[in-house]
Amino acid sequence: MQIGIIGAGRIGATAARLFVTAGHQIAISNSRGAESLRTLVAGLGAAALAATVDDAARLSELVLLAVPWHLENALPQAPLLRNKIVIDAMNPYRPEGGFFELGESTSSEEILRRMPGARLVKAFNTIYYEHLATRGRKDLPVEERHAIYLAGDDVAAKQVVAGLIETIGFAPVDTGSLREGGRLQQPDSPIYNQTFTAREARAFFRNELHKLTDVLPDGALPLALEALAPFREWPGKTAGASKKAPNF
Ligand SMILES: NC(=O)c1ccc[n+]([C@@H]2O[C@H](COP(=O)([O-])OP(=O)(O)OC[C@H]3O[C@@H](n4cnc5c(N)ncnc54)[C@H](OP(=O)(O)O)[C@@H]3O)[C@@H](O)[C@H]2O)c1
C-alpha cells in the first residue's frame, strides 16, 4: 500500500519503519518540512518519501494521523481525505496536561467531523511507541501477538487496517463502532497501554461482558437476549431437550 503519515515523531516515525519493513511505500510529513525529514527518510530507503502534510495525504490510499490531537492545522485539508482510509492514532491530551472534555462524543468522532467522508478507523492510539517498535512478532500465530485495537463504523476500512496491523507483526482486535469502541480505546480505559495478546484481550472482554450481565437492569434484558439469541441453545429448541421437558 501507499501510506501517508502525518507526524514524524515517536508514533509516526515508528509506524513508518514498520510499514516500510512490511513492504509498504510511505510518504511522511511534519510541521518543519521535508528537509527536516531527510535523515529519517534516507534511513528508510527507496520506499520512503518526505512530503508536505497535504502531499502525504494526496499521494496515499491510506493515511495515518499521528500529530497532537488538538492541532487542527496539522491535519491535511479535509477534501484530500474524502473516501480515503484514515487511521486516527491520536489521543485528546491537553498540552497543559489532562484531557479535553468531549461530553458524549469521543476524540475520533470529533476528528471525523473535521474530515467528512473520510473512512475513519481509530487504531494505534492505545499502544506505547516503544512497544510498537519492539513487540511485533510475525513468527507468532496472530492470537498470540500483542493486540492493537481498532474501532470504526466502516467495516471494509477496518478490514484493511486489520490486515495492515497483521503485516507488521501485531494482532488486530476489533472493539466495535467509532462511538463505543472509540470510548473503550480512550486513554483512561483498562485496555490502554496494556500488553495483552489478542487472546488475552478477548478473554478480558468476555469477562467484562460477564460482569455486565449481573448489573443489567430488567428493562435491558429483552435487548440482551435478542442480541445473544443466535449464540445460545434454549431447552426445548432441540428435539432431545423437548423430550425431557415436562408436559404442562
Ligand atoms: N508517544 C506514544 O507512545 C503514543 C502512543 C499512541 C498514540 N500517540 C498519539 O500520537 C500522536 C503523536 O504522538 P507522538 O508521541 O508521536 O508525538 P511527537 O513525538 O511529539 O510527534 C509529533 C509530530 O507531530 C508533528 N506536528 C506537530 N505540529 C504539526 C503541524 N502543525 N503540522 C504537521 N505536523 C505537526 C511534529 O512535527 P515537528 O516536529 O516538525 O513539529 C512531530 O513530527 C498524539 O496524538 C499522541 O496522543 C502517542
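First things first, this report covers the structure right here in the doc. The model shown is predicted, which means the values in this text are computed figures rather than measured ones.

What to know about the site of the ligand
Then comes step 1: Around the ligand, 26 residues are found, and the nearest of them are Gly-9, Asn-30, Ser-31, Ala-74 and Met-90.
Then comes step 2: Sort the elements by how many residues they give to the shell around the ligand and helix α1 (residues 10-21) lands first, with three residues.

Some remarks on the nonpolar core
Then comes step 1: In terms of nonpolar packing, the biggest core is built from 63 residues, with Ile-5, Ile-28 and Leu-65 touching the most fellow members.
Then comes step 2: Here this core takes six residues from α1, the largest share from any one element.
Then comes step 3: Setting aside residues no more than four positions away along its own chain, Ile-5 makes contact with Gly-12, Ala-15, Ala-16, Ile-26, Ile-28, Ser-29, Ala-56, Leu-64 and Ala-66.

Brief notes about the pairing of strand β5 (residues 85-88)
Then comes step 1: Every second residue of β5 is oriented toward a common face, with Ile-85 and Ile-87 on one face and Val-86 and Asp-88 on the other, all of them buried.
Then comes step 2: Where strand β4 (residues 62-65) and β5 come together, four bridges link them in parallel fashion. Residue Val-63 lies in a different strand from β5, and its bridge partner there is Val-86.
Then comes step 3: In this structure, β5 lies alongside strand β6 (residues 119-123), joined through four bridges in parallel fashion. If you follow Ile-87 over to β6, its bridge partner there is Val-121.
Then comes step 4: Read from β5 through helix α4 (residues 107-114) to β6, the crossover connection turns out right-handed.

Cut-offs and rules
Residues numbered from 1 in each chain as written. Predicted model: local features only at pLDDT ≥ 70, side-chain atom pairs only at ≥ 80, totals over all residues. Near = placed C-beta within 6 Å. Helix = DSSP H or I, 4+ residues; strand = E, 2+ residues; numbered from the N terminus. Core = buried A, V, L, I, M, F, W, Y, C linked by C-beta atoms within 7 Å. Buried ≥ 20, exposed ≤ 12 C-beta atoms within 10 Å, placed from the backbone. Contact = placed C-beta atoms within 7 Å. Pairing = 2+ DSSP bridges. Right-handed = clockwise from strand over helix to strand, strands pointing away.

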